[in-house]
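Architecture and fold: a report
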Amino acid sequence: MNAPSPAPNLARIARGGKSIYGAPLGILMLEARFPRIPGDMGNGETWPFPVLFRVVRGASPERVVLQGAKGLLQDFVDAARDLVDLGAEAITTNCGFLSLFQKEMAAAVGVPVATSSLMQVPWVQATLPPGKRVGVITVSKGSLTPAHLEAAGVPLDTPVVGTEGGREFFRVLITAAKNDLDVALAEQDILDAGRALVAAHPEVGAIVLECTNMPPYAAALQAEIGLPVYDIYSMISWFHAGLRPRRFA
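Read on for a plain summary of the structure.

Definitions and limits used
- Residues numbered from 1 in each chain as written.
- Predicted model: local features only at pLDDT ≥ 70, side-chain atom pairs only at ≥ 80, totals over all residues.
- Heavy atoms only, no water.
- Axes fitted to C-alpha atoms, helices over the stretch in contact; angles between N-to-C directions.
- Helix = DSSP H or I, 4+ residues; strand = E, 2+ residues; numbered from the N terminus.
- Left-handed = near helix turned anticlockwise from the far one by under 90°.
- Contact = heavy atoms within 4.5 Å.
- Nonpolar A, V, L, I, M, F, W, Y, C, P; charged D, E, K, R; others polar.
- Expected span 1.5 Å × (residues − 1).
- Buried < 20%, exposed > 50% of the residue type's maximum accessible area, 1.4 Å probe, protein only.
- Polar contact = N/O pair within 3.5 Å; in protein donor to acceptor, adjacent residues only side chain to side chain.
- Arc of directions from axis to C-beta.
- Pairing = 2+ DSSP bridges.
- Salt bridge = Lys/Arg side-chain N within 4 Å of Asp/Glu carboxyl O.

A word on the packing of helix H7 (residues 183–200) against helix H8 (residues 218–225). To characterise two packed helices, one gives the angle between the axes of the helices and the distance between these axes. At a minimum axis separation of 10 Å, H7 and H8 run at an interaxial angle of 35 degrees. The chirality of how H7 crosses H8 is right-handed. Packed against H7, whose contacting residues are Glu-187, Ile-190, Leu-191, Gly-194, Arg-195 and Val-198, the element H8 presents Ala-220, Leu-221, Glu-224 and Ile-225 at the interface. A breakdown of the residues in the contact of H7 with H8 according to their chemical character gives 6 nonpolar, 1 polar and 3 charged.

This is the structure in structure tokens:
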């Protein structure tokens, strides 16, 4: 009996069309010089997967947060398109206040866009028991307008506290008072904001951190207040999971 013929080799075709491969998530960065410690969105070691970074020139934290990102929409759209041209399959940003651009950017760049950690608020609210609400900690309560909240699908009566009255976090990240960051003082600002939030609103059952520089302090905050804490890291981990679903044997 003749032995069966070996199966023919299947052709292996590598598909082109991108400049960079293996990094499907593009992150639009504000132009700033403060330290981006591990856990910060702008620290490449924060992510367990490769990402593409693109700094949007002229988009300082002060201009985006305190001045409503006025005049910057096209700059962010152009930068997002650059990342997509390089190989990004989805786009996010490193400031929660850019929820203002969510609709326009999603329409303009041709890939999924998630501009703000605030977009998690409705998701988290759906997990809570009756009578409990999501609370938000933001870098600047005075700058977080109804327009920012509406763009992210956040109820306008959501409890919010800011860090602008703190000793370190706001003045380093937003007003660029200095280039160095006292990490312990910055953490204390976040903890103080969390304690103030739950003291004023005992109905809060979970917290969403608006600012993408807050994830380094999320674990300490959760331990302090005993509630779930969500941030840009939790959102982008979910976002990326759809771009590269885990393969199971």
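Continuing now.
Here Lys-132 lies in the loop between helix H4 (121–127) and strand E5 (133–138). Along the primary structure Lys-132 and Ala-206 are separated by 74 residues, whereas in three dimensions their C-alpha atoms are 8.2 Å apart. If near-sequence neighbours (up to four positions away) are discounted, Lys-132 is found in contact with Gln-125, Pro-202, Glu-203, Val-204 and Gly-205.

Our focus in this paragraph is H7. Given 3.6 residues per helical turn, the α-helix brings residues three or four places apart onto the same face. The end-to-end C-alpha distance of H7 is 26 Å, a good match for the 26 Å that 18 residues give at a rise of 1.5 Å each. Every buried residue of H7 is listed here: Ala-186, Asp-189, Ile-190, Leu-191, Ala-193, Gly-194 and Leu-197. Where H7 is buried, its residues touch E5, strand E6 (160–162), helix H6 (169–173), strand E7 (204–209) and H8. One side-chain oxygen at the N-terminal end of H7 lies 3.2 Å from the backbone nitrogen of Ala-184; it belongs to Asp-182.

Between its first and last C-alpha, helix H9 (residues 232–243) extends 16 Å over 12 residues, near the 16 Å set by a 1.5 Å rise per residue. Taken residue by residue, H9 has Ile-232, Met-235, Ile-236, Phe-239, His-240 and Leu-243 as its buried positions. Here the buried residues of H9 occupy an arc of 125 degrees about the axis, which is enough to place them on one side. Every exposed residue of H9 that faces more than 90 degrees away from the buried side is listed here: Trp-238 and Gly-242. At its buried positions, H9 is contacted by strand E1 (25–29), strand E3 (90–93), strand E4 (113–114) and H4.

Here the focus is the sheet that holds E6. Strand order in this open sheet of 4 strands is E6-E5-E7-E8, and the pairing throughout is parallel. Edge strands, defined here as strands with exactly one partner in the open sheet, are E6 and strand E8 (229–230). The pairing of E7 with E8 spans 2 bridges and is classified as parallel. When the sheet's bridge partners are listed, Ile-207 is paired in E8 with Val-229.

With that settled, the discussion passes to the side chain of Thr-212. The topology assignment puts Thr-212 in the loop between E7 and H8. For Thr-212, a relative accessible area of 1% corresponds to the buried category. A polar atom in the side chain of Thr-212 sits 2.7 Å from the backbone oxygen of Asn-94. For Thr-212, the residues in contact, after removing those within four places along its chain, are Asp-40, Met-41, Thr-93, Asn-94, Cys-95, Gly-96 and Ile-232.

Glancing now at the pattern of salt bridges. Following the criterion strictly, the structure yields 11 salt bridges and no others. Across the pair Asp-40 and Arg-36 runs a salt bridge, and its minimum N-O distance is 3.0 Å. Of the two residues, Asp-40 and Arg-36, neither departs from the other in class, the shared state being buried. Between Glu-203 and Arg-133 there is a salt bridge whose closest N-O contact spans 3.7 Å. Here Glu-203 is found in the loop between H7 and E7, whereas its partner Arg-133 is found in strand E5, with 70 residues between them in sequence. Taking relative accessible area as the criterion, Glu-203 reaches 22% and is therefore assigned partly exposed. We classify Arg-133 as partly exposed; its relative accessible area is 24%. Three or more residues are tied together by salt bridges with common partners; here these are Lys-18, Glu-89 and Arg-244.

As a further point, take the sheet that holds E3. Spatially, 4 strands are ordered E2-E1-E3-E4 in an open sheet, and the strand pairing comes out parallel. Two strands close off the open sheet at either side, each with one partner strand: strand E2 (51–55) and E4. Both E1 and E3 contribute to a ladder of 4 bridges, which runs parallel. Counterpart to Leu-25 in the pairing with E3 is Ala-90. Strands E1, E3 and E4 of the sheet are contacted by H9, whose axis makes an angle of about 175 degrees with E3.

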